[in-house]
Amino acid sequence: YLAWTPAVAGALIAAAFSTVLIGFGTALGLGVASAAPTWRDASVALWLLSGIYLIIVALISFGLGGYVAGRIHRGAPAADPGDVEQQDGLHGLAAWAIAVVLTVLIGAMIAGAAASRASSSRAMPAATAAEPLLSYELDRLFRPARRAQNAETAIERAEAGRILLTSSSHSGVAAEDRTYLVQLVGGITGLAGPDAERRVDSVIAAAKTAIARSRKSAVIAAFSIAASILLGAVVAWFAACEGGRHRDGAAPG
């Protein structure tokens, strides 16, 4: 009932086509995440546009993959036309499922390789989850006042990053944590007490804003991915049915 060759062929075509389109979108700046700190200043319109583009990519790629799966599938000639259409749609749905699994596996492999390469390049792997998100804020926090910084501060940055992550909570950074950050910054940078307090307060506010923007972009990205995957399944089914009609010599429609 299910031939794997059309399903796998359609899945590979869908995955390859979506990779190309996502690459074009990334080159055009249609992305909601970046390693640069300025990406957090992107407008909501850009986030929404990136999500809409992701949905369009899924519709085109899964539609093409489903059409190919239905077009090359050999339906039973004596079967009921409704049963043949159901078989074609099932092959389009199988191509969609395989393409989704392939994309997830490839993305996980790339992310794992990048994380491994980044961790192996550090002299002291003391970075936390706050480092990629709040790296600019941590740079500002430990920026020396009058002298070049020669001491290794990886452990202090990791500890400060964990404290700054609490700025997005309902209670915010605890008073004792703020006092500790002021002492830590003053000891490393050489700033006087009031200057260290002002810097810590400024960085805490900036960290809270950065985390809020990151959450908003993550919500939009997650919704766009889920919507594109679900709509891609529907498009793959109907595209495979259309490919089956063209295979059997029916008029387009």
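Here, every reference points to the structure presented above.
These notes cover the structure that comes with them. All of these numbers come straight from a predicted model, not from anything done at the bench.

1. Some thoughts on the pattern of salt bridges
Line of reasoning, step 1. Summed over all chains, the structure comprises six salt bridges.
Line of reasoning, step 2. One salt bridge in this structure joins Glu197 and Arg178, with 3.9 Å as the shortest N-O distance. A residue pair is termed long-range when its members are at least 10 positions apart, and Glu197 in helix H7 (residues 193-247) and Arg178 in helix H6 (residues 175-189) qualify at 19 residues.
Line of reasoning, step 3. With a relative accessible area of 27%, Arg178 lands in the partly exposed category.
Line of reasoning, step 4. For Asp201, the salt bridge is made with Arg178, and the minimal N-O distance between the two is 2.8 Å. Within this pair, whereas Asp201 is found in helix H7, its partner Arg178 is found in helix H6, the two being separated by 23 residues in sequence.
Line of reasoning, step 5. Classification of Asp201 by relative accessible area gives partly exposed; the value is 35%.
Line of reasoning, step 6. One salt-bridge network, in which partners are shared between bridges, spans Glu85, Glu242 and Arg245.

2. What to know about the packing of H6 against H7
Line of reasoning, step 1. Where H6 contacts H7, the axes come no closer than 9 Å and their chain directions differ by 120 degrees. Our classification of the angle between H6 and H7 gives oblique. Judged by the twist between their axes, the crossing of H6 over H7 is right-handed. For the pair H6 and H7, contact is made by Arg178, Leu181, Val182, Val185, Gly186 and Thr189 and by Gly193, Ala196, Glu197, Arg199, Val200, Asp201 and Ile204, respectively.
Line of reasoning, step 2. Among the residues forming the contact of H6 with H7, the class breakdown is six nonpolar, three polar and four charged.

Procedures and definitions
- Residues numbered from 1 in each chain as written.
- Predicted model: local features only at pLDDT ≥ 70, side-chain atom pairs only at ≥ 80, totals over all residues.
- Heavy atoms only, no water.
- Salt bridge = Lys/Arg side-chain N within 4 Å of Asp/Glu carboxyl O.
- Helix = DSSP H or I, 4+ residues; strand = E, 2+ residues; numbered from the N terminus.
- Buried < 20%, exposed > 50% of the residue type's maximum accessible area, 1.4 Å probe, protein only.
- Axes fitted to C-alpha atoms, helices over the stretch in contact; angles between N-to-C directions.
- Parallel < 35°, antiparallel > 145°, perpendicular 65-115°, else oblique.
- Left-handed = near helix turned anticlockwise from the far one by under 90°.
- Contact = heavy atoms within 4.5 Å.
- Nonpolar A, V, L, I, M, F, W, Y, C, P; charged D, E, K, R; others polar.

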